[in-house]
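Overview (structure and organization)
Spelled out from the first residue to the last, the chains are:
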Amino acid sequence: MTATLTLRDDTLLLSGRLDATGCAAIWPAARSSAATTVDASAVDYCDGAGIALLFELSQRGIRIDGLSDGYAAMLQALRPDQPLAQRATARRAGWIEVLGRVSARTLASVQDRIAFLGGITVAARSLLLSPQRFRYAATLDVAGRAGADALPIVGLISFLLGVILAFQSAIPMKQFGAELFVANLVGLGLVRELSPLMTAVLLAGRTGAAFAAELGTMKTNQEIDALTTMGLDPMRFLVLPRLVAVTLMTPLLTVLAEVIGLFGGGLVLLTLDIPLKTAFSQAAQTVALTDYVGGLFKAAVFGFGIAAIGCWRGLRTGSGAQAVGDAATSAVVTSLVFLVVSDGLFALAYYYLGW
Amino acid sequence: MSEPIIRVEQLTCAYGPVTVLRDVSFSVQAGEVFVILGGSGCGKSTLLRHLIGLERPAAGRIWLDGAELTASEGAARQALMRGFGVAYQSGALFGSLSVLENVLLPLNEFTSLDPAARELVARLKLRQVGLENYADYMPAALSGGMQKRAAIARALALDPRILFLDEPSAGLDPVTGAELDALIKRLAGTLGLTFVVVTHELASIFAIADRALMLDKSAQGMIALDTPQQLRDHPPSAPVRRFFHRETA
Ligand SMILES: Nc1ncnc2c1ncn2[C@@H]1O[C@H](COP(=O)(O)OP(=O)(O)OP(=O)(O)O)[C@@H](O)[C@H]1O
Ligand SMILES: [Mg+2]
């Protein structure tokens, strides 16, 4: 049995089951009727949806008659004589206001980054002053997750990178009979540029995002607040171990990436009848120590940046599951921008240093 | 007596190797307010999670509204689970939706009311729990007790036949708690909704409960099932007496 609605003179007769299904059928008609009274004596069930319908009618000044006591009490408890709060309408901001807000936000964000770097510096200073307070176990744990656990993926990508690089350059080089110089190209390319960059990109996706999500979840669960009120500085307790671990792990992973990448390139040269030994000694002749050290230094800076950005985004997470996702996304995006920009700066610096 | 709306037989609840509850059996009649009591960590939330199908029992059977929850799978299980409302101990509001949108969600998904009508129903639920003026707030901007009330409003949105509330009045002031009790009583009395409520508040137990089931951690199961007056005046065992007379062991 469902709900029915009939209009007799200026009385609206309601009957049947006023639940969500019943109300959906009669609500539009009830809304547009010009009745002044409702006769609800034939209503035999009326849940929240039905009460809402009666509420709307009585808000319009329509008298409700014949409602059984229980339902009448439910309706009265909702105070139908008092209007409901309405949705607040958002005010549209003018372009000057928008511009001002955006500039203020950008400025605040830049300030915040500088303050965060300052916080790291302060924490690092206290670490140097009292090294026994450093969290070595936590650092090792992060190093394991960010470094050792990343070995397979870094190895795979580097191997393929070496193979691709050698293969692509071998085709034009062969036209000039200069296959041997493929080893120079692969060696220099990997050591100076590609291995540090590729390792850092992988770490940004793996570790930077993980840091942001981890710290972001801790933030939304008030765990960061709990640490702070216990007198444990989140900088020292959470950020510093991550920074140290990733800054040390990235160069190590880069060394591995270089070795595996060179091996991949060597395999391609092997198919061109150049023995591995020749290829490696050729590469070793071109790659100077400055190339090698420069690449590793770059990798350490990349690692530091990725960890700092991940932690920063995590600690600045808003509340809710979505905010944690946003923090992880922006950690990756910011890290990638950081990598490209700082790689460019390194190229300039090494050029002037004559490395 | 008619067929009970909830029937539990020989239920054993375990997390992996750790058994929390053993051999729990009871049934709840439609329109009843059924309260689950017991000390912290005795398995009240665990029992509730089994009743709403979030956990699979290690042994035993559960019937809801005539259908066996423990034997249903897939779409049938989902349909069964849709038939009731739940307010979790922690609130469990959707953080990316405003308070009003949280309450609107079930109305949007499961009713054919037009948008204006849905919004009115949702706003009235919020008025019922005293959150009318916080409709556009995000859950994170609410106090703990307010989040709880918003969760109750969401559970009530569809006036489901069975409502499970995990410590609804924890974190509420006595006045708001009493209003909530009155609301539960009214919905059970007028609409015949069935409530299964976990609570520790003695005042609330006497205000709403038709019957109370008491669990105990050391007994790993139920130690009493009766009306609260009976449990208070004639406690069957020492733990029950201690609970109702607030004695220490
Ligand atoms: N996911 C889980 N895995 C393992 N054990 C659990 C899990 N959830 C709860 N437990 C254990 O089950 C027992 C009962 O927990 P439960 O949450 O049901 O307690 P409770 O009676 O609701 O307590 P409170 O009043 O504090 O909410 C506890 O000993 C707890 O450690
Ligand atoms: Mg609990």
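Cut-offs applied
- Numbers given for residues are sequential positions, taken from 1 along each chain in its written order.
- A letter from A marks each chain and a number from 1 marks each ligand, given out in the order of writing.
- The model is predicted, so local features are restricted to residues of pLDDT at least 70 and side-chain atom pairs to those at 80 or more, both for listing and for counting; the totals for chains, interfaces and linings are taken over all residues.
- Side-chain measures were taken over the full set of non-hydrogen atoms in the model, leaving aside hydrogen atoms and water.
- Only N, O and S atoms count as donors, using a 2.8 Å limit from the metal and a wider 3.2 Å limit for Na, K and Ca, and since water is excluded some coordination spheres may look unfilled.
- By definition, any uninterrupted DSSP run of H or I lasting at least four residues is a helix, any uninterrupted run of E lasting at least two residues is a strand, and each is numbered from the N terminus.
- Classification of residues uses two cut-offs on accessible area relative to the type maximum, computed with a 1.4 Å probe and protein chains only: under 20% is buried, over 50% is exposed, and between them is partly exposed.
- The quantity called pLDDT is the predictor's confidence in a given residue, expressed from 0 to 100.
- For helices, the fitted axis covers only the stretch in contact; all axes are lines through C-alpha atoms, and the angles between them, taken along N-to-C directions, range from 0 to 180 degrees.
- Note on convention: near helix rotated counterclockwise from far helix by under a right angle means a left-handed crossing. Clockwise means right-handed.
- Should any heavy atoms of two residues lie within 4.5 Å, those residues are considered in contact.
- As a working rule, the residues Ala, Val, Leu, Ile, Met, Phe, Trp, Tyr, Cys and Pro are called nonpolar, Asp, Glu, Lys and Arg charged, and the rest polar, with Gly in that last group.
- Each pair of strands is called paired provided DSSP finds at least two bridges between the two strands.
- What counts as a salt bridge is simple: a side-chain nitrogen of Lys or Arg found within 4 Å of a carboxyl oxygen of Asp or Glu.
- Defined here as a combined quantity, buried area equals the accessible surface (1.4 Å probe) lost by two parts on assembly, summed across both.

1. Some points on the coordination of the magnesium ion (ligand 2)
Residues and elements named next belong to chain B. Summarising the metal site, the magnesium ion (ligand 2) is bound by the protein donors Ser-45 (OG) and Gln-89 (OE1), whose distances to it range over 1.9 to 2.4 Å. Pair noted here: Ser-45 is in helix α1 (residues 44-51) and Gln-89 is in the loop between β6 (84-87) and α3 (99-110), with a separation of 44 residues, a long-range link. The partly exposed category is assigned to Ser-45, whose relative accessible area is 25%.

2. Re the confidence of the model for chain B
When pLDDT is averaged along chain B, the result is 90; 99% of the residues meet or exceed 70. Both confidence scores are given for the complex: pTM 0.77, ipTM 0.81.

3. Digging into the packing of helix α6 (residues 151-175) of chain A against helix α7 (residues 182-220) of chain A
Residues and elements named next belong to chain A. Two elements in contact, α6 and α7, have axes whose closest approach is 10 Å; the angle formed by their N-to-C orientations is 145 degrees. Crossing angle aside, the handedness with which α6 passes α7 is right-handed. The residues of α7 that touch α6, namely those facing Ile-153, Val-154, Ile-157, Leu-161, Leu-165, Ala-166, Ser-169, Ala-170 and Met-173, are Val-182, Leu-185, Val-186, Leu-190, Leu-194, Met-198, Thr-199, Leu-202 and Arg-206. Across the contact of α6 with α7, the residue classes break down as 15 nonpolar, two polar and one charged.

4. So, the sheet that holds strand β2 (residues 18-28) of chain B
Residue and element names in this part refer to chain B. Spatially, β2-β1-β4-β5 is the arrangement adopted by the four strands of the open sheet, whose pairing is antiparallel. One side of each edge strand has no neighbouring strand; the edge strands of this open sheet are β2 and β5 (67-68). Judged from the seven bridges that link them, strand β1 (residues 6-15) and β2 form a sheet pairing that is antiparallel. Counterpart to Val-8 in the pairing with β2 is Phe-26. In this fold α1 packs onto β1, β2 and β4 (59-64), with an angle of close to 120 degrees to the strand it touches most, β1.

5. Some details on the pattern of salt bridges
Residues and elements named next belong to chain A. Per the stated rule, a full pass over the model turns up 23 salt bridges over all chains. With a closest N to O distance of 3.5 Å, Glu-56 and Arg-31 form a salt bridge. Taken together, the residues Glu-56 in helix α2 (residues 48-59) and Arg-31 in helix α1 (residues 20-32) connect sequence positions 25 residues apart. Exposure remark for Arg-31: the relative accessible area of 31% places this residue in the partly exposed category. Lys-298 is paired through a salt bridge with Glu-193; the nearest N and O atoms lie 3.3 Å apart.

6. Some details on the interface of chain B and chain A
Taken together, the contacts link 27 residues of chain B with 30 residues of chain A. Summed over both sides, the interface of chain B with chain A buries roughly 2300 Å², with 62% coming from carbon and sulfur. The tally of links between chain B and chain A comes to one salt bridge. Take the side of chain B that touches chain A: its biggest share by element is ten residues, from helix α4 (residues 115-128) of chain B. Here the side of chain B that touches chain A is built from residues that sort into twelve nonpolar, six polar and nine charged.

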